[in-house]
Amino acid sequence: MPDTVIELDKLTKAYGETIAVNELSMQIEQGEIFGFLGPNGAGKTTTILMLMGLTEPSSGIAKVAGYQLPRQGIKIRRLAGYLPENVGFYDDMTAYQNLLYTARLNSIPRGESENKVTDVLAAVGLKDVSDKKVGKFSKGMKQRLGIADVLIKEPSVAFLDEPTAGVDPEGVKLILGLIRNLSEEKKTTVMLSSHLLYQVQRICHRVGIIAKGRLVAYGSIERLGKEALKGGDLTIEVQLAEKSESRALLEDLRSLPSVKDVHRSGSALSVRCGEDVRPLIAKKIVEQGAQLLEMKLRDSSLEEIYTRYFRET
Amino acid sequence: MSGIFAIIVKELGDHLSSKRFTILFLLVYLAGLAGAYFGVQALISDPANSTGFSFPFLSLMTSIDGASPPFISFISIFGPIIGLALGFDSINREIASGTMSRLASQPIHRDDIINGKFLAGLVTIALLIMSIVLIITGMGILGLGIVPSLEEASRILAFSAISIVYISLWLGIGILLSILVRRTATSALAGIALWIFFSFIILFIAGLVTNLLVPMKVPITDNDPEIVTANDALRRSLTRLSPNTLFDEATIVLMNPTVRTLGLVIVDRPELIIPNPIALDQSLTLIWPHVTGLIAALIITFTISYLKFMRQDMRPSWE
Ligand SMILES: Nc1ncnc2c1ncn2[C@@H]1O[C@H](COP(=O)(O)OP(=O)(O)OP(=O)(O)O)[C@@H](O)[C@H]1O
Ligand SMILES: [Mg+2]
């Protein structure tokens, strides 16, 4: 029975007339990687700020590891790490000095902290520039340093606000790998926000999609995909050998049950239908003496999620 | 506990290694050393000099017969700039550069951040003032070949303490501005505006208001003495709304033991003027309201900072 580590109940934050977060309720279990997705201005950052005790909720309840916010904020900050969006460091200090300061603020003993700083810098691939002033770092290097800044706390909960923003593909792979490690090896609960669904879906166990401050979808990617598809149509793509298609074949396919439309472009057909009728299509093609090269169901679940929840705002 | 200690250590390191501190340090040392040098010269060439005679070490910081302004006036004018320079960007710069949200997400209380920054500034100010005062005294010992009396040493110590409180008040004002104003350039400008207001403009305003409420005839001798006293009392109370006036009056009493009243001295009643110096405890009684006034102003400034800062969102950056 997994423990609930992060718990929101009708959490709300209003800035005057604007309601940035609107009655958000959800639970995140220990060791889970939870993707918190939504377009710009949806309320992702505001939610994370409330969970770290950096801004006060207007109403509702937020709990992290059993501690209630904002009252027990300091207890939460002792065990939770936070990577802010657009993370900043002291420009005139080196990467090493910046992390050492974080270690001091977390009361990590002097003897341990120096080794730890070296280790986390190596883990994020910044070992060679550890004595360089952070003012000379690129955006992506700062982002990696931000991850190191979270790792040094050895947090049991991590809030990562757009951890991959501004990072090159190599860096994205590295950061996603580190996040997965945290969850698998250290059983750290990770809540990461992003508007790049494609990028983070690989490592997220579950996602929550927020738009205009409201949670519009919540669950595993597969489930959300199925839900998004419910009532929608499937598209089957058929590739025939050159010149083997015929008017008769098109007519035949159109007459199949649940098929709504057949499009032809050259020797490629695309069949829009209510359910998966691939066996029937294959049979018709063979009956008409055409040559089938390839046939596949277009995997549109992610796209569906994206358009359905992101674009509707 | 260890959190605030880490903040103090870092901030102190930042201050002491900054160009800003180097400039302040040079200016304060230049003013202090020049005053002491000319003061020593004046005492050597004219040992019977009336102010320097009984309190030579005090005269090193107050004499106006040198080529430089006395050190106490320098601190009065320049002290606010020292305090503001150490505080005006302490919070808004961290917010703009995105370090504040990281700092605030560490296991520290939010007030540790402003307390730590304030204490680091306070230590910096104390180091600056105590070191220059010791050096001036040292120059006196070497130049004059005598040591300060206990009375003088106590007065110099009290002056140092009041200077530290005064400059810390302006440090507190600087920190408050850095919380209220987003851009560091704007908070610097606002600080300078306040400095000009409390150093100069308040004197004009006090004069204007006083003459409106208690008008006086020209020439001054045509007035009833009561009117003159009332006019003076009102003007003084109004200017005492400025910390700079409080500091000026307090240091004048402390560093000139012959000053026995801060009110108007009626020239045609000579029995009120006694040339003998008063004892330290009498001077302290005279300036006690000034000291408490400065401390109260510091507490009020700090309370506003605290309330504003505690309620602020720790957003990664302002926009
Ligand atoms: N200090 C503030 N005052 C008023 N409104 C604010 C304030 N901060 C944020 N908001 C509003 O709250 C809403 C949510 O903002 P938030 O930063 O949480 O969005 P987000 O999901 O993190 O967006 P992004 O992807 O751009 O980072 C936005 O509409 C924003 O305008
Ligand atoms: Mg955001």
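Higher on the page you've got the structure.
Residues numbered from 1 in each chain as written. Chains lettered and ligands numbered in written order. Predicted model: local features only at pLDDT ≥ 70, side-chain atom pairs only at ≥ 80, totals over all residues. Heavy atoms only, no water.

1. Observations regarding the coordination of the magnesium ion (ligand 2)
All names here are of chain A. Summarising the metal site, the magnesium ion (ligand 2) is bound by the protein donors Thr 45 (OG1) and Glu 85 (OE), whose distances to it range over 1.9 to 2.6 Å. Of this pair, Thr 45 sits in helix α1 (residues 44–51) while Glu 85 sits in the loop between β6 (80–83) and α3 (95–105); the two residues are 40 residues apart in sequence, bridging distant segments of the chain. Residue classification places Glu 85 among the partly exposed positions, given a relative accessible area of 22%. (Donors = N, O, S within 2.8 Å, 3.2 Å for Na, K, Ca; no water. Helix = DSSP H or I, 4+ residues; strand = E, 2+ residues; numbered from the N terminus. Buried < 20%, exposed > 50% of the residue type's maximum accessible area, 1.4 Å probe, protein only.)

2. Thoughts on the interface of chain B and chain A
Between chain B and chain A, the contact holds 24 residues from the first and 29 residues from the second. A per-residue breakdown of the area chain B buries against chain A is headed by B:Lys10, B:Arg102 and B:Pro107, which together make up 27% of the total. Taken together, chain B and chain A are joined by 1 salt bridge. Close ionic contact of B:Arg102 with A:Asp149 constitutes a salt bridge, the shortest N to O distance being 3.1 Å. Remark: the boundary between chain B and chain A carries 16 residue pairs in polar contact (both at pLDDT 80 or more). Sorting elements by how many residues they give to the side of chain B that touches chain A places helix α1 (residues 2–17) of chain B first, with 5 residues. (Contact = heavy atoms within 4.5 Å. Buried area = accessible area lost by both parts, 1.4 Å probe. Salt bridge = Lys/Arg side-chain N within 4 Å of Asp/Glu carboxyl O. Polar contact = N/O pair within 3.5 Å; in protein donor to acceptor, adjacent residues only side chain to side chain.)

3. A look at the site of ligand 1
Neighbouring ligand 1 are 13 residues; A:Gly41, A:Gly43, A:Lys44, A:Thr45 and A:Thr46 lie closest to it. Looking at what sits near ligand 1, you find residues from chains A and B. Contacts to ligand 1 include A:Glu85, whose side-chain N or O atom sits 2.9 Å from an oxygen atom. For ligand 1, an oxygen atom lies 3.4 Å from a polar atom in the side chain of A:Glu162. Within the complex, 68% of the 640 Å² of free accessible area of ligand 1 lies under protein. In terms of residue count, the dominant contributor to the shell around ligand 1 is α1(A) (3 residues). In the shell around ligand 1, the residues fall into 4 nonpolar, 5 polar and 4 charged. (Near = heavy atom within 4 Å. Areas by Shrake-Rupley, 256 points an atom, 1.4 Å probe, with all protein chains shown as cover. Nonpolar A, V, L, I, M, F, W, Y, C, P; charged D, E, K, R; others polar.)

4. Concerning the sheet that holds strand β3 (residues 33–37) of chain A
Residue and element names in this part refer to chain A. Strand order across the open sheet formed by 6 strands is β6-β7-β8-β3-β9-β10, with mixed pairing between neighbours. Two strands lie at the open edges of the sheet, namely β6 and β10 (214–219), each paired on one side alone. For this sheet the average axis-to-axis angle between neighbouring strands, irrespective of direction, equals 15°. Relative to β10, strand β9 (residues 206–211) runs antiparallel, the two being bridged by 5 bridges. Looking across to β10, one finds that Ile 209 is bridged to Ala 217. Along the sheet, helix α5 (residues 139–151) makes contact with β6 and β7 (157–161), crossing β6 at roughly 170°. (Pairing = 2+ DSSP bridges. Axes fitted to C-alpha atoms, helices over the stretch in contact; angles between N-to-C directions.)

5. Some details on the packing of aromatic side chains
For any pair of aromatic rings, the description consists of the separation of the ring centres together with the inter-plane angle of the planes. In this structure the tally under the stated criterion is 14 aromatic pairs over all chains. Centre to centre, the rings of B:Phe21 and B:Phe25 are 5.9 Å apart; their planes meet at 45°, and the pair counts as tilted. With B:Phe21 and B:Phe25 both in helix α2 (residues 19–45) and 4 residues apart, this pair spans about one turn of that helix. Where B:Trp195 meets B:Phe200, the ring centres are 6.1 Å apart and the plane angle is 75°; that geometry is what we call edge-to-face. Positioned over the ring face of A:Tyr90 is B:Lys10, at 3.8 Å from the centre of the ring. (Phe/Tyr/Trp six-rings, centres within 6.5 Å; stacked < 30°, edge-to-face > 60°. Lys NZ or Arg CZ within 6 Å of the ring centre and 35° of its normal.)

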